[in-house]
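An overview of the molecular structure
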Amino acid sequence: MPYSADSSLETFVRELPKTETHLHMEGACPFELLQKLNPVKYAKPPLFWDDGFRYESFDQFMELYGEYCSVFFTSANRYGEAAGIVLGNCWEQGCRYVETSFHLPVINFMEDDGPTVLEAIRDAAPPELELRIFAGMCHNDYADEGKDLIEECLTWEGLDGIDLHGPEYIPLELWTADVWARARQAGKFTKAHAGEFMGPDFMELVLDELKVTRIEHGVRSVENPETVQRLVNDKVALDICPISNLKLVVQGVASMSAHPIRQLFDAGVTVTINSDDPFFFGNRLSEEYYALHQDLGFTLVELAQIAGNGFDVALLEENKRESFQNELADFCNEEGLTA
Ligand SMILES: [Zn+2]
């Protein structure tokens, strides 16, 4: 594990009511399930869990993603099995609210349909956890049967939203703006990955074209003060994953202490912290909090503010949001924290 904490920080982070709003179900694949599938191949923990491991490129990451994940996620049942463990871990770490996504095109390679997968994930969640499920798709997925699936998913009742993911360098195609607009009309929340491997210009394009109010990562906005100001003015929130950025060697993240989240937070951008693909980074959500405290000087009050941002951006009815915010305020009072 890349980060550890003394028992008082560990207890604080565990008891802090919090959210996880950037979590890919396939990238969270529990290792124990892979081991059950193939005890010989998965006898040892993967190399990429080493603290010092750094991905050479996003393509290398995608290759490993294919190798480890496609073998497992072959049915709704498997999604349910994984979700039970993954969402149980979130709950144990004090998450009250989770947004998870699954890679939509996978549906075309299995016998079960999308609504069955959604149901399997939802049924596996701890009963008190507020769960929202997103369908993730790549820039070039709107072709052939992928196109039909994207159109179809907008009608799935159990789907809360859509997310654009995959390699950022594949050009943004014309269909995306139209699908994103129609998704919102259909009552789905829309977000997009940007500003992880491409710079602020790509983020501006995504904001202009897709009209999202939540960006996954977005850390490279820091390279242009005008983009940062736009995020503040337009109240666009960033779902940031610091350990993921470190292990993928995102530009500007040579070390955790250099991570731009400090600068973005200080500039007034609404940021949340999340674990992204915990299977591939060997991280837990709690460690993201440890990293911010230990390497970036975030105080306990600031950690609680970040947890609060998660409830601010969550897709919740106002009375439910208020009850989580009250719970967080009570926790801070008990801890003697004042903003
Ligand atoms: Zn992501």
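Shown above is the structure to which this text applies.
To keep things clear, this report deals only with the structure shown in the data block. What you are looking at is a predicted structure, and each value in this text was computed from that prediction instead of being measured.

Conventions we followed
- Residues numbered from 1 in each chain as written.
- Predicted model: local features only at pLDDT ≥ 70, side-chain atom pairs only at ≥ 80, totals over all residues.
- Helix = DSSP H or I, 4+ residues; strand = E, 2+ residues; numbered from the N terminus.
- Buried ≥ 20, exposed ≤ 12 C-beta atoms within 10 Å, placed from the backbone.
- Expected span 1.5 Å × (residues − 1).
- Pairing = 2+ DSSP bridges.
- Right-handed = clockwise from strand over helix to strand, strands pointing away.
- Axes fitted to C-alpha atoms, helices over the stretch in contact; angles between N-to-C directions.
- Contact = placed C-beta atoms within 7 Å.

**Section: unusual backbone geometry**
The phi dihedral of Lys-235 falls on the positive side, at around 50°, and the residue is not glycine. The residue Lys-235 is located in the loop between α9 (225–233) and β7 (237–240) in this model. Unlike most non-glycine residues, Asp-276 shows phi in positive territory, near 65°. Structurally, Asp-276 can be placed in the loop between β8 (271–273) and α12 (278–281). On the neighbour-count criterion, Asp-276 (30 C-beta atoms within 10 Å) is buried.

**With respect to helix α14 (residues 300–313)**
Counted at 1.5 Å a residue, the expected span for α14 with its 14 residues is 20 Å, and the 20 Å between its end C-alpha atoms agrees. Leu-303, Ala-304, Ile-306, Ala-307, Gly-308, Asn-309, Gly-310, Phe-311 and Val-313 are the residues of α14 that are buried.

**Some thoughts on the pairing of strand β5 (residues 189–194)**
Within β5, 5 of the 6 residues are buried, which leaves it mostly tucked inside the rest of the structure. One ladder, built from 4 bridges, connects strand β4 (residues 161–165) with β5; its direction is parallel. Paired with Leu-164 across the bridge in β5 is Ala-192. For the handedness criterion, the β-α-β arrangement of β4, helix α7 (residues 175–185) and β5 is classed as right-handed. Across 3 bridges, β5 lies against strand β6 (residues 214–217) in parallel orientation. For Ala-192, the partnering residue across the bridge sits in β6 and is Ile-215. A crossover connection joins β5 to the parallel β6 through helix α8 (residues 200–210); in handedness this β-α-β unit is right-handed.

**Here we look at the environment of Ala-329**
Among the secondary structure elements, Ala-329 is positioned in helix α15 (residues 318–334). When the 15 C-beta atoms within 10 Å are taken as the criterion, Ala-329 is described as partly exposed. Sequence separation of Ala-329 and Gly-308 is 21 residues, and the distance between their C-alpha atoms is 9.0 Å.

**Some details on the sheet that holds β8**
Pairing between sheet strands relies on hydrogen bonds along the backbone, with the strands arranged either parallel or antiparallel. Pairing within the open sheet is parallel, and its 8 strands lie in the order β1-β2-β3-β4-β5-β6-β7-β8. Both edges of this open sheet fall to β1 (18–24) and β8, since each of them pairs with a single strand only. On average, adjacent strands in this sheet sit at an angle of 25° to one another, irrespective of strand direction. Contacts between α8 and the sheet are confined to β5 and β6, with β5 contributing the most and set at about 160° to the helix.

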